[in-house]
Amino acid sequence: MDGIHWLPEDCDAYCLLLVRGIEVNELVARLGYDAQAVMSPMTSGEAFEHSMDKAPVARLGTSGNWAFSLEQWSAEGMEARTARRVSMGTECIAVLNSGMPPVWFMHAVAGEIVAFFEPSDAQEVVDESTPRTFASDLVAAGLVAAGVPEGTAEESSEVLLLKLVEQHFGVDLPRASLRSDPFPALAFTST
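These lines cover the structure that appears in this document, whether it is placed above or below. (Residues numbered from 1 in each chain as written. Predicted model: local features only at pLDDT ≥ 70, side-chain atom pairs only at ≥ 80, totals over all residues. Heavy atoms only, no water.)

### As for the sheet that holds strand β4 (residues 66-71)
- The strand order across the open sheet built from eight strands is β2-β8-β3-β4-β1-β5-β6-β7, with neighbouring strands paired in antiparallel fashion. Each end of this open sheet is capped by a strand with a single partner; those strands are β2 (38-42) and β7 (112-117). Across the sheet, the axes of successive neighbouring strands diverge by a mean angle of 25°, strand direction being ignored.
- Sitting on the sheet, helix α7 (residues 157-169) is in contact with β1 (14-20), β4, β5 (91-97) and β6 (104-109), with an inclination near 165° to β5. (Pairing = 2+ DSSP bridges. Helix = DSSP H or I, 4+ residues; strand = E, 2+ residues; numbered from the N terminus. Axes fitted to C-alpha atoms, helices over the stretch in contact; angles between N-to-C directions. Contact = heavy atoms within 4.5 Å.)

### Here's the deal with the packing of aromatic side chains
- Tallying each qualifying case throughout the model produces six aromatic pairs.
- Ring centres of W66 and F169 lie 6.3 Å apart, and the angle between their planes is 70°; this geometry places the pair in the edge-to-face category. In this pair, W66 sits in strand β4 while F169 sits in helix α7, placing the two residues 103 residues apart along the sequence. Residues W66 and F169 agree in their burial class; the two are buried.
- Taken together, the aromatic side chains of W66, F105, F117 and F169 make up a single cluster linked through ring pairs. (Phe/Tyr/Trp six-rings, centres within 6.5 Å; stacked < 30°, edge-to-face > 60°. Buried < 20%, exposed > 50% of the residue type's maximum accessible area, 1.4 Å probe, protein only.)

### Details of helix α6 (residues 135-145)
- With nine of 11 residues buried, α6 lies mostly within the body of the structure.
- By the burial criterion, the buried members of α6 are A135, S136, D137, V139, A140, A141, G142, L143 and V144.
- In this fold, the buried residues of α6 make contact with β6, β7, α5 (122-128) and α7.
- Where α6 ends, the next residue or the one after it, G147, has phi of about 90°, a positive value.

### Let's talk about the pairing of β1
- Most of β1 sits inside the fold, with six of its seven residues counted as buried.
- As paired elements, β1 and β5 share six bridges and run antiparallel to each other. Bridge pairing in β5 links C15 to L96.
- Inspection of the sheet shows β1 paired to β4 by six bridges, in the antiparallel sense. Bridge pairing in β4 links C15 to E71.

### A closer look at the pairing of strand β3 (residues 57-63)
- The buried count for β3 comes to six of seven residues, which makes it a mostly enclosed element.
- Sheet topology places β3 next to strand β8 (residues 183-187); three bridges connect them, and they run antiparallel. Residue A58 lies in a different strand from β8, and its bridge partner there is L186.
- In this structure, β3 lies alongside β4, joined through six bridges in antiparallel fashion. Looking at the pairing, R59 lines up with L70 of β4.

### A few points about the nonpolar core
- Within the largest apolar cluster, 36 residues are counted, with the highest numbers of intra-cluster contacts made by L7, L16, F105, F117, L143, V165 and F169.
- Going through the elements one at a time, β1, β4, β5, β7, α5, α6 and α7 are the ones with two or more residues in this core.
- Leaving out residues up to four positions away in the same chain, F105 has contacts with M78, I93, A94, V95, A115, F116, F117, S136, L161, V165 and F169. (Core = buried A, V, L, I, M, F, W, Y, C linked by side-chain atoms within 4.5 Å.)

### Let's talk about the packing of α6 against α7
- Contact geometry for α6 and α7: axes closest at 9 Å, N-to-C directions at 140°. Taken together, the axis directions place α6 and α7 in an arrangement best described as oblique. Crossing handedness for the pair α6 and α7: right-handed. Touching A135, S136, L138, V139, G142 and L143 of α6 are S157, L160, L161, L164, V165, H168 and F169, all from α7. (Parallel < 35°, antiparallel > 145°, perpendicular 65-115°, else oblique. Left-handed = near helix turned anticlockwise from the far one by under 90°.)

Take a look at the structure:
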């Protein structure tokens, strides 16, 4: 199991959007595009170049019970309207590292955002969440237990966040494959 805690080692900046229980074609539709918008598969390097030269690109796939969109140097998947739309009838999670602190985490269920925070604000989420109903509450509690809000955590807050997302949401992406294999891609345009 690779999990997702490797993302900061492989990507200087990224936005990972995951939607439970749907396939890639449904993710594309929920993002506001039709099947013709899906581009030829791209490697990580090709997607990065396209994002820098033309338009933001997301590589798409499925892993376990999750459809995913992985962007380098853009943040379309972290937008609130996107989360509301893609989570209808299910749930989605998103993690954004914009290349500059802080890292952000979002969780939406059935079209409603139930959590949106940076790791250092996890104590506020824990204080507001009694009883804990969503897995995102457990992620926040884990960040607090590790000492992230106090700045005493032994690991980076980003890596801890990603490890807790792995643990509480069962997220696992194939690191070697995402590093070198081509995946279907979607270039974001105004929708």
